[in-house]
Protein chains: 2
Amino acid sequence: MKVRVTVMPKAAVLDPQGVAIRNTLHHLGLPGAHAVRAGKVMEIELDPTSEDRPALEAKLRELCRDFLSNPVIEDFQLEIVD
Amino acid sequence: MKVRVTVMPKAAVLDPQGVAIRNTLHHLGLPGAHAVRAGKVMEIELDPTSEDRPALEAKLRELCRDFLSNPVIEDFQLEIVD
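The structure displayed is predicted, hence computed values, not measured ones. (Residues numbered from 1 in each chain as written. Chains lettered and ligands numbered in written order. Predicted model: local features only at pLDDT ≥ 70, side-chain atom pairs only at ≥ 80, totals over all residues. Heavy atoms only, no water.)

(A) Fine view of the overall build of chain A. Within chain A, the regular secondary structure consists of two helices and three strands. Each helix (α) and strand (β) of chain A, taken in turn from the N terminus, gives the series β-α-β-α-β. Compactness check: chain A gives a C-alpha radius of gyration of 16 Å against a globular reference of 12 Å for 82 residues, more than 25% above the reference. Seen through its principal axes, chain A has C-alpha atoms that stretch 55 × 25 × 15 Å. For chain A, the proportion of its 82 residues judged to be buried stands at 34%. Within chain A, counting contacts between residues at least 6 apart in sequence, those at least 24 apart form 72% of the total. Roughly 4,500 Å² of accessible area belongs to chain A as shown, and the carbon and sulfur atoms make up 54% of that amount. (Helix = DSSP H or I, 4+ residues; strand = E, 2+ residues; numbered from the N terminus. Rg over C-alpha atoms; globule rule 2.2 N^0.38 Å. Buried < 20%, exposed > 50% of the residue type's maximum accessible area, 1.4 Å probe, protein only. Contact = heavy atoms within 4.5 Å. Areas by Shrake-Rupley, 256 points an atom, 1.4 Å probe, with all protein chains shown as cover.)

What follows is the structure in structure tokens.
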């Protein structure tokens, strides 16, 4: 089982890394880039487990909220890839 | 138009950030996590442009290769979201 966790800064939060990327894209010949947000992505491979799937997903969500993201300034998205 | 660029360490390259996340997931009650890779994601919003779409995509790929990723140790994936 493989899951992908994407962590992005919340829309209301200033993203200085995204702003720096946007400005550099302008200088490098992409003047149409008007907004860039920069985030993190983690791909987690899990062993097949005896634990039931809903319990595993709940545990993953808890870990995404408490460890993989900062819920004050970031949102996360959890996708089961396969 | 919105594009998403995902930059991940190549499979053959050691990913110390991924290893650190995996070890911490073990300590936090997810012993089944046997591999974690950590990467970056950038969401770029582009103005509708007079430039033709294939030329724009080619320019984006060039910028992904030369600026947004390090092709020696990273692979990128470019998705047109809308």
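That covers the picture; the talk isn't over yet.
(B) Spotlight on the relation of the copies chain B and chain A. Here chain B sits on chain A after a turn of 180° about the axis and a move of 0.0 Å along it, with an RMSD of 0.0 Å. In symmetry terms, the pair is related by a two-fold rotation axis. Taking C-alpha positions as reference, the residue of chain B nearest the rotation axis is Lys40(B), located at 2.2 Å. Comparing contact sets, 100% of the residues at the interface of chain B also lie at the interface in chain A, consistent with an isologous, same-surface contact. (Least-squares fit on C-alpha atoms with pLDDT ≥ 70 in both.)

(C) The arrangement of the interface of chain B and chain A in detail. Counting residues at the interface gives 30 residues for chain B and 30 residues for chain A. Interface of chain B and chain A: buried area, both sides summed, is about 2,700 Å²; carbon and sulfur atoms make up 69% of it. Among the residues chain B hides against chain A, the three largest losses belong to Leu30(B), Val41(B) and Phe67(B). Together they make up 20% of the total. Counting every contact that joins chain B to chain A gives zero salt bridges. For the pair chain B and chain A, the number of links is 12 residue pairs in polar contact (both at pLDDT 80 or more). Secondary structure elements with two or more residues in the side of chain B that touches chain A: strand E1 (2-9), helix H1 (16-27), strand E2 (33-46) and helix H2 (53-68) of chain B. Top element by residues in the side of chain B that touches chain A is E2(B). It accounts for 14 residues. A breakdown of the residues in the side of chain B that touches chain A according to their chemical character gives 18 nonpolar, six polar and six charged. Looking at chain direction, strand E2 (residues 33-46) of chain A and E2(B) are connected through 13 bridges and run antiparallel. Pairing of Met42(A) across the sheet is with Ala38(B), part of E2(B). (Buried area = accessible area lost by both parts, 1.4 Å probe. Salt bridge = Lys/Arg side-chain N within 4 Å of Asp/Glu carboxyl O. Polar contact = N/O pair within 3.5 Å; in protein donor to acceptor, adjacent residues only side chain to side chain. Nonpolar A, V, L, I, M, F, W, Y, C, P; charged D, E, K, R; others polar. Pairing = 2+ DSSP bridges.)

(D) Geometry of helix H2 (residues 53-68) of chain A. Within H2(A), burial applies to Leu56(A), Leu60(A), Leu63(A), Cys64(A) and Leu68(A). All buried residues of H2(A) lie within an arc of 105° about the axis, which places them on one face of the element. When the buried face of H2(A) is taken as reference, the exposed residues oriented beyond 90 degrees from it are Pro54(A) and Asp66(A). Looking at the buried residues of H2(A), the elements they touch are strand E1 (2-9), E2 and strand E3 (74-80) of chain A together with H1 of chain B. (Arc of directions from axis to C-beta.)

(E) Molecular detail of the packing of H2(A) against H1(B). Here H2(A) crosses H1(B) at 120°, and the two axes come no closer than 12 Å. Our classification of the angle between H2(A) and H1(B) gives oblique. For the pair H2(A) and H1(B), the sense of crossing is right-handed. Counted together, Leu63(A), Phe67(A) and Leu68(A) of H2(A) and Ile21(B), Thr24(B) and Leu25(B) of H1(B) form the full contact between these two elements. (Axes fitted to C-alpha atoms, helices over the stretch in contact; angles between N-to-C directions. Parallel < 35°, antiparallel > 145°, perpendicular 65-115°, else oblique. Left-handed = near helix turned anticlockwise from the far one by under 90°.)

(F) Structural context of the pairing of E1(A). Residues and elements named next belong to chain A. E1 sits mainly inside the fold: six of its eight residues count as buried. Across six bridges, E1 lies against E2 in antiparallel orientation. Across the sheet, valine 7 pairs through a bridge with lysine 40, a residue of E2.

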